[in-house]
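Here is how the chains run, residue by residue.
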Amino acid sequence: MRQVADPQRPKAVIQSTVFLPYDISRGLHPVGGCGRYLRDLGRLFDELGYRVVYLQKAKRDFVMEYDGWAEVRGVASPARAYGDLVFARRCYDLTHDAQVVCYGNLEDCYPFVRRNSFAVQHGIWWDKPMPFWKRRIQDARVRFAASRVAFVVCVDTNFANWYRTKWPSDKDVLRRLHYVPNYADTEVFKPGRAEGGRPLLLFPRRFEPKRGYEVFIEMCYRLRALGHDFDVAILGSGPYESEVRRLVSEKLGASVRVEYADFESIALYYRRAYLTFIPTLWSEGTSLSAVEAICSGCPVVCSDVGGLANVIIPGFTGEVCPPSVDAFVRCTSRLLSNPTLREQMSRNCLSLRDALGMHRWKERIKDLMAVYLGQPVRRSDYSAVESAR
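Residues numbered from 1 in each chain as written. Predicted model: local features only at pLDDT ≥ 70, side-chain atom pairs only at ≥ 80, totals over all residues. Heavy atoms only, no water.

### Some remarks on the sheet that holds strand β14 (residues 318-321)
Stage number 1. Taken in spatial order, the six strands make up an open sheet running β11-β10-β9-β12-β13-β14, and their pairing is parallel. Where the open sheet ends on each side, the last strands, each with one partner, are β11 (257-259) and β14. If you compare each strand with its neighbour and ignore which way they point, the axes differ by 15° on average.
Stage number 2. In terms of strand pairing, strand β9 (residues 200-204) meets strand β12 (residues 275-278) through two bridges, oriented parallel. Bridging across to β12, L201 finds its partner in L275. (Pairing = 2+ DSSP bridges. Helix = DSSP H or I, 4+ residues; strand = E, 2+ residues; numbered from the N terminus. Axes fitted to C-alpha atoms, helices over the stretch in contact; angles between N-to-C directions.)

Put into structure tokens, the structure is as follows:
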């Protein structure tokens, strides 16, 4: 096995507020969709010959090997999301010898930015009630960060359009915001739903209010009251797990599964599911869960928040509706009553497997690195950004 810290390999740093849990004594799984995205990005850097180092906030300083191909360095910092100047400065000092730096979220590079860098924008998270002064600070932080990195990978078109309405004169920044949709590993997420049996309605999300677990649970309650017969699976983890279990017990009963599913297990659930639900209330990009469901042939019923409608085409790969219980009940009732329509949507989902596969995502990232950073990566036959410069 090669040495993770091989000094002969050029160094690629991925800096993020969170990758592994803030307190690593609680486990070593990447946190949420963002953590999984950064894991896959690190694997891409490893394939390209880089020595991969993750920098993240942590309860205490630590250095550890991760999965045999990367190093994770925890930087003791307060747990709050963004704006910690000490964390930012320490990370800046630790990236002085990196050939390429990726900021795992755009705000992670504020206010100390390496020029040989790019950032990932995972979707607008500030579309929630917040004080005016906090919104002004967030606007300034985003504008500063976007102007300093070489380019920004945007998982949806929502962010670029928001930026354009705020600062239409920032043409140099706007031309460096590139939409690269989220992806799925099509070797893992495959079709295979068995015919017959009760339909399974699947909620595969972190247990946070913004992810809409209350909408989903109440929707299931009302659908049963309307006479629909189906099973329910709620898969995830998070700080509101006890609240989720309480609501399920009150509304749906003990037969409903509430559990954590690892990467391989959740792929099996997508294959079994009749529909997957993404009822986000705020803070959404294009949801890895939505893309994984599509690549498994499972139609998605989602809210119209963030960039979800970039990947869910109403009436083709699922339904898009306002984030309300009434709207989700109407859409879901129609699909439960019309299995032929659901099966057509499933076939439509499978037609997008190549477009949403991990291979295309990797090639797009490599193309952008070659254009903006001049990194020695192989150009592909996937459409490059001819007008990027």
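### Things to note about the side chain of D40
Stage number 1. Assignment of secondary structure puts D40 in helix α1 (residues 32-47).
Stage number 2. The contact partners of D40, leaving out residues within four places of it in the chain, are Y183, M358 and W361. (Contact = heavy atoms within 4.5 Å.)

### Digging into unusual backbone geometry
With glycine set apart, most residues show a phi of negative sign, and most peptide bonds adopt trans.
Stage number 1. Of note, the amide linkage connecting Y110 to P111 takes the cis form, showing an omega dihedral of -5°.
Stage number 2. With respect to the element layout, P111 can be found in the loop between β5 (100-103) and β6 (117-121).
Stage number 3. The backbone of D67 shows a phi angle near 55°, a positive value even though the residue is not glycine.
Stage number 4. Summarising the element assignment, D67 is placed in the loop between β3 (62-66) and β4 (70-76).
Stage number 5. Residue S283 is not a glycine yet carries a positive backbone phi of 65°.
Stage number 6. On the secondary structure map, S283 appears in the loop between β12 and α9 (288-295).

### Remarks on the sheet that holds β6
Stage number 1. Strand order in the open sheet formed by eight strands is β3-β4-β2-β1-β5-β6-β7-β8, and the pairing between neighbours is mixed. In this open sheet, the two edge strands, each paired with only one partner strand, are β3 and β8 (177-179). On average, adjacent strands in this sheet sit at an angle of 20° to one another, irrespective of strand direction.
Stage number 2. Bridge count between β3 and β4: five bridges; the pairing is antiparallel. Among the inter-strand pairings, F62 is bridged to a residue of β4, identified as G74.
Stage number 3. Taken strand by strand, helix α2 (residues 85-94) contacts β1 (11-16), β2 (51-58) and β4, and its axis lies near 145° from that of β4.
Stage number 4. Its contacts with the sheet put helix α13 (residues 358-373) on β5, β6, β7 (151-154) and β8, and the angle it makes with β7 is roughly 165°.

### Focus on the side chain of E292
Stage number 1. Within the secondary structure layout, E292 lies in helix α9.
Stage number 2. Apart from residues no more than four positions distant in its own chain, E292 is found in contact with R36, A184, F189, F263 and Y270.

### Remarks on α9
Stage number 1. Most of α9 is tucked away: eight of the eight residues are buried.
Stage number 2. Where α9 is concerned, the buried positions are L288, S289, A290, V291, E292, A293, I294 and C295. (Buried < 20%, exposed > 50% of the residue type's maximum accessible area, 1.4 Å probe, protein only.)

### With respect to the nonpolar core
Stage number 1. In terms of nonpolar packing, the biggest core is built from 39 residues, with Y37, L41, F45, Y54, F118 and F151 touching the most fellow members.
Stage number 2. It is α13 that contributes the most residues to this core, eight residues altogether.
Stage number 3. Excluding residues within four positions of it along the chain, Y54 makes contact with I14, F19, L38, R39, G42, W69, A70, E71, V72 and R73.
Stage number 4. Counting 32 residues, the second-largest nonpolar core is a separate cluster that includes V215, F230, F328 and C331. (Core = buried A, V, L, I, M, F, W, Y, C linked by side-chain atoms within 4.5 Å.)

### Structural notes on helix α11 (residues 325-336)
Stage number 1. Compared with an ideal rise of 1.5 Å per residue, which puts 12 residues at 16 Å, α11 spans 16 Å between its outermost C-alpha atoms and is within 8% of the ideal.
Stage number 2. Most of α11 sits out of view: nine of its 12 residues are buried.
Stage number 3. Those residues of α11 not exposed but buried are V325, A327, F328, V329, C331, T332, S333, L335 and L336.
Stage number 4. For α11, the secondary structure elements touched by its buried residues are β9, α6 (213-225), β12, β13 (300-303), β14 and α12 (339-350). (Expected span 1.5 Å × (residues − 1).)

### Looking at the confidence of the model for the protein
Stage number 1. When pLDDT is averaged along the protein, the result is 91; 94% of the residues meet or exceed 70.
Stage number 2. Note that residues 377-389 has pLDDT below 50 and, in this model, 30 contacts with residues that lie over four places away or in other chains. (pLDDT = per-residue confidence, 0-100.)

### Section: the packing of α6 against helix α7 (residues 241-251)
Stage number 1. The contact between α6 and α7 brings their axes to 10 Å, and the two run at 10°. With respect to α7, the axis of α6 lies roughly parallel. Of α7, the residues touching α6 (which contributes Y213, E214, I217, E218 and Y221) are E243, V244, L247, V248 and K251.
Stage number 2. Here the contact of α6 with α7 is built from residues that sort into six nonpolar, no polar and four charged. (Parallel < 35°, antiparallel > 145°, perpendicular 65-115°, else oblique. Nonpolar A, V, L, I, M, F, W, Y, C, P; charged D, E, K, R; others polar.)

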